[in-house]
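# Overview (structure and organization)
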Amino acid sequence: MQEQLDQRRKAAEKVTLIGAVLDAVLGALKIVIGILANSSALIADGIHSLSDLVTDFMVVIVLRLSHRGPDDNHPWGHARFETVGTVILGALLVAVGVTLAYDSLQALFNEQPAATPTWPALVAAALSVAGKEWIFRYTLNVGKELDSDLIIANAWHSRSDALSSIVVFAAVAGAMAGWWWLDALAAVLVALLVGKIGWDLIARSITELVDTALPDTKVAKLQEQALSVDGVLSVHSFKSRRMGNQGLLEMHIQVEPHLSAAEGHYIGDVVVSRLKQRFDDLSHIIFHIDTYDDEEAEVDPSSPELPSRRYISQQLDVLLANTLSLEHDYELTLYYHPASIDVEIKLGTTLVASLRQQSLTPAELEQHITEQLSSQGWFRSLTLWKPAA
């Protein structure tokens, strides 16, 4: 698992660093040409591109934190750092949208048009659109392949820069044609789009931070896979959540009540293996083996706690020794139910010989033990086995 996380981190860092280099080149280019070509919009867009460097470096830092393995302080791993980073990037997108909308509305209602820029500003804006659109598509594809909301968020951040460059291109072209107000109107629409993208990313990350369950369709597939394992009677108390790109799952698996603890646990291990084979995004699966459906079982919370094996063994030993003067040669198996216990006794050869000496049959012994235990509120039934002749 850690090796896969390291590979995922390296792939994410690669695309982020490529984007950082592009932001640095485009930012410097737009600022220089904006000054020379008398375009304040292009200068502002260049500053916007350089500001993306901060988020790119933040993404790299978050990736290194989120892909660490579990430790004593974070036993579930560090994937939530990626979620927190996505929230921050989403907030930045919202801030970009609000700022762009505010500036554009001011420009839209400004009665004095700005100075007319020259054609180099148009070329620089076009190069910025092409470069940012390319890095957006590249980053988005990597983010989807890695199932990383953080990388996807950074991709949309790049798209916001491309959209702002489109606004600059329209602003320059419109200003050169005499329609100076077109850039402001388009900027408002772009700002709304950028803000919505940021809000969607924040909302999605918050649902993860508050441990929202996986989608119903995914949960149904997980339950179906678990129920397909031989020996599983039902799956209940099904709880799921996400941490970054990883799914976490807890569940109760019901098996036949008379299975051994080892066999019941083996069935649970098979369920985990099948789930991880089919769904490679599951990182942690915790299961509890039940011999009955404890969601449907009606248990009186005020009822006394059921007795332990030691207590029942002592009761039987006293009954056999004091009442019947028999040896303690038997194997005891207990089947616990919500409010009662089934008792199973396998007689040893010494105990069978002792019964013969006292002219008692196993059936008479079974009846006697049943009569003695029937007064106990926890007792439900007794099954007595004797060795084959």
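Numbering of residues begins from 1 in every chain and follows the order in which that chain's sequence is written. Totals for whole chains, interfaces and linings use all residues, but because this is a predicted model, local features are given only for residues with pLDDT of at least 70 and pairs of side-chain atoms are given and counted only at 80 or more. By convention in this description, side-chain values take in all heavy atoms of the structure and omit both hydrogens and water.

## A closer look at the overall build of the protein chain
This is how it is decided: Secondary structure elements follow DSSP: runs of H or I no shorter than four residues count as helices, runs of E no shorter than two count as strands, and numbering proceeds from the N terminus. Only protein chains enter the accessibility calculation, which uses a 1.4 Å probe. A residue is then buried if its area is under 20% of the maximum for its type, exposed if over 50%, and partly exposed in between. For this analysis, residues touch if any pair of their heavy atoms sits within 4.5 Å. Under the convention used here, a 1.4 Å probe and the Shrake-Rupley method define accessible areas, while residue burial counts only the protein chains that appear.
Within the protein chain one finds 11 helices and 6 strands. For the protein chain, the residues scored as buried account for 45% of the 389 residues in total. Pairs at least 24 apart in sequence give 71% of the contacts found in the protein chain among residues at least 6 apart. Working note: accessible area of the protein chain is about 20,600 Å², and carbon and sulfur atoms make up 59% of it.

## Regarding the sheet that holds strand β6 (residues 379-385)
Put simply, the rule reads: A strand pair is defined by DSSP finding two or more bridges across the two strands. Axis geometry follows a simple rule: fit a line to the C-alpha atoms, using only the stretch in contact for helices, then measure angles between N-to-C directions, giving values from 0 to 180 degrees.
Here we have 3 strands laid out as an open sheet, ordered β4-β5-β6, and mixed in their pairing. Looking at the sheet topology across the chains shown, the edges are occupied by β4 (330-336) and β6. Pairs of neighbouring strands in the sheet enclose a mean axial angle of 15°, with direction left out of account. Sitting on the sheet, helix α11 (residues 362-373) is in contact with β5 (341-347) and β6, with an inclination near 160° to β6.

## Topic: the environment of Ser273
By the secondary structure assignment, Ser273 is in helix α8 (residues 261-278). Between the C-alpha atom of Ser273 and that of Ala226, which follows or precedes it by 47 residues, the distance is 9.8 Å.

## Focus on the layout of surface pockets
Convention followed: Both cavities and pockets are sets of points on a 1 Å grid over the protein atoms alone; in a cavity a 1.4 Å probe fits but cannot get out, in a pocket the set is open with protein on both sides within 12 Å along at least five of seven lines, and lining residues sit with an atom within 4 Å of a point. Grid points are joined across faces, edges and corners, and a volume is the space filled by probe spheres set on the points. Here the term charged refers only to Asp, Glu, Lys and Arg, the term nonpolar to Ala, Val, Leu, Ile, Met, Phe, Trp, Tyr, Cys and Pro, and the term polar to all other amino acids, Gly among them.
Here the second largest pocket is characterised by a volume of approximately 380 Å³. Along the wall of the second largest pocket there are 18 residues; nearest its centre are Pro257, Leu259, Ser260, Ala261 and Thr291. Among the elements of the structure, α8, β3 (282-290) and β4 are those that each provide at least two residues to the lining of the second largest pocket. Of the residues forming the lining of the second largest pocket, the biggest block, 4 residues, is contributed by β4. A per-class count over the lining of the second largest pocket returns 9 nonpolar, 8 polar and 1 charged.

## Thoughts on the packing of aromatic side chains
The criterion, for reference: Any pair of Phe, Tyr and Trp rings, taking the six-membered ring for Trp, is counted once the centres come within 6.5 Å. Such a pair is stacked with planes under 30 degrees apart, edge-to-face with planes over 60 apart, and tilted for the rest.
Tallying each qualifying case throughout the model produces 3 aromatic pairs. Ring centres 5.6 Å apart and planes at 25° place the aromatic pair Trp134 and Tyr138 in the stacked group. Placement of both Trp134 and Tyr138 in helix α4 (residues 119-146) is noted, with a separation of 4 residues, approximately one turn of the helix. A relative accessible area of 49% means that Trp134 is categorised as partly exposed.

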